[in-house]
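Structural overview
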Amino acid sequence: QKEVEQDPGPLSVPEGAIVSLNCTYSNSAFQYFMWYRQYSRKGPELLMYTYSSGNKEDGRFTAQVDKSSKYISLFIRDSQPSDSATYLCAMSATTGGYNKLIFGAGTRLAVHP
Amino acid sequence: EAGVAQSPRYKIIEKRQSVAFWCNPISGHATLYWYQQILGQGPKLLIQFQNNGVVDDSQLPKDRFSAERLKGVDSTLKIQPAKLEDSAVYLCASSSRLAGGRYNEQFFGPGTRLTVL
């Protein structure tokens, strides 16, 4: 069993749709939960991070963490063609001042006009 | 602020050849990471440096992969000899050290796309 499971998609939605992306994990030591966005032929860039359980909102993006279910979600409201990318969830447990990221496989999202 | 620089951006080699990738992290970032991202998968950490010391190399195939960060700034990742399954994007990332328990964001470079024929 992988530490982090993510549905690879692809996911295709019309512009303006609400998108829901999800990951599950098995390691209860994870404390930080991140969503990275990766455009084609680019490196990942951090979209949002959440510490422990709860919700976090940033513009059209909302991240949710449910540690009891070991389940995290990213919601994108009013999706735009510019949101078309691969979305990677990542998690880490901080030890001795370092954090090691464990990534999901990534979900490819296409938003069509 | 300049981002993480990597070169070359693309490399095509034949199996059993050697190859080297270079990374220059964001100025002042003490921690440097090398990741391997195989097509359709998420990045997998190969090695993590703190200044010029290795923090974690548990997933580095040490029989063929090596990495160094001699002066605690830029870094080189080498593969010798390359295998077909090494075809992947090699990403370099850097971060500053944790402060006050806050998550220290890893900033990624554009990656080097390696094709082994």
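A short tour of the structure in this document, coming up.

About the thresholds
- Residues numbered from 1 in each chain as written.
- Chains lettered and ligands numbered in written order.
- Predicted model: local features only at pLDDT ≥ 70, side-chain atom pairs only at ≥ 80, totals over all residues.
- Heavy atoms only, no water.
- Helix = DSSP H or I, 4+ residues; strand = E, 2+ residues; numbered from the N terminus.
- Buried < 20%, exposed > 50% of the residue type's maximum accessible area, 1.4 Å probe, protein only.
- Contact = heavy atoms within 4.5 Å.
- Areas by Shrake-Rupley, 256 points an atom, 1.4 Å probe, with all protein chains shown as cover.
- Disulfide = S-S within 2.5 Å.
- Polar contact = N/O pair within 3.5 Å; in protein donor to acceptor, adjacent residues only side chain to side chain.
- Salt bridge = Lys/Arg side-chain N within 4 Å of Asp/Glu carboxyl O.
- Pairing = 2+ DSSP bridges.
- Axes fitted to C-alpha atoms, helices over the stretch in contact; angles between N-to-C directions.

**Details of the overall build of chain B**
- The secondary structure content of chain B amounts to zero helices and 11 strands.
- Summarising its shape, the C-alpha atoms of chain B cover approximately 45 × 25 × 25 Å along the three principal directions.
- Within chain B, the proportion of its 117 residues that are buried is 46%.
- Considering only intrachain contacts with a sequence separation of at least 6, the fraction spanning at least 24 residues in chain B is 54%.
- Of the accessible surface of chain B, which amounts to about 5800 Å², a share of 49% is contributed by carbon and sulfur atoms.

**A closer look at the state of the cysteines**
Residue and element names in this part refer to chain A.
- Evaluated as defined, the whole model comprises two disulfides over all chains.
- The residue that forms a disulfide with Cys23 is Cys89, at a sulfur-sulfur distance of 2.0 Å. Taking the torsion about the S-S bond as the criterion, the Cys23 to Cys89 disulfide, at about -100°, is left-handed. Note that Cys23 is positioned in strand 3 (residues 19-25) and Cys89 in strand 9 (residues 85-92), a separation of 66 residues in sequence.
- Cys23 gets classed as buried once you look at its relative accessible area, which sits at 1%.
- Owing to a relative accessible area of 0%, Cys89 belongs among the buried residues under this scheme.

**Comments concerning the environment of Ser75 of chain B**
Residues and elements named next belong to chain B.
- Note on placement: Ser75 falls in strand 8 (residues 75-79).
- Taking the C-alpha atoms as reference points, Ser75 and Leu91, 16 residues apart in sequence, are found 12 Å from one another.
- Ignoring anything within four residues of it in the chain, the contact list for Ser75 reads Phe21, Trp22, Cys23, Leu32, Trp34, Phe49, Glu68 and Arg69.
- A polar contact of 2.9 Å, which involves the side chain of Ser75, links it to the side chain of Trp34.

**Topic: the pattern of salt bridges**
- Taken as a whole, this structure holds six salt bridges over all chains when the rule is applied.
- The residue Glu57 of chain A makes a salt bridge to Arg77 of chain A at a minimum N-O spacing of 3.5 Å. With Glu57 of chain A in strand 6 (residues 54-58) and Arg77 of chain A in the loop between strand 8 (71-76) and strand 9, the pair connects residues that are 20 residues apart, well separated along the chain.
- As a salt-bridge pair, Asp57 of chain B and Lys62 of chain B come within 3.8 Å of each other at their nearest N and O atoms.
- Under the relative-accessibility criterion, Asp57 of chain B is labelled partly exposed at 25%.

**Comments concerning the sheet that holds strand 1 (residues 5-7) of chain B**
Residue and element names in this part refer to chain B.
- Strand order across the open sheet formed by four strands is 1-3-8-7, with antiparallel pairing between neighbours. Lying at the two open borders of the sheet, with one neighbouring strand each, are strand 1 and strand 7 (65-68). Put simply, the sheet's adjacent strands are angled 15° from each other on average, direction ignored.
- Examined bridge by bridge, strand 3 (residues 19-24) and strand 8 share five bridges and lie antiparallel to one another.

Worth remembering: the numbers are spatial, not functional.
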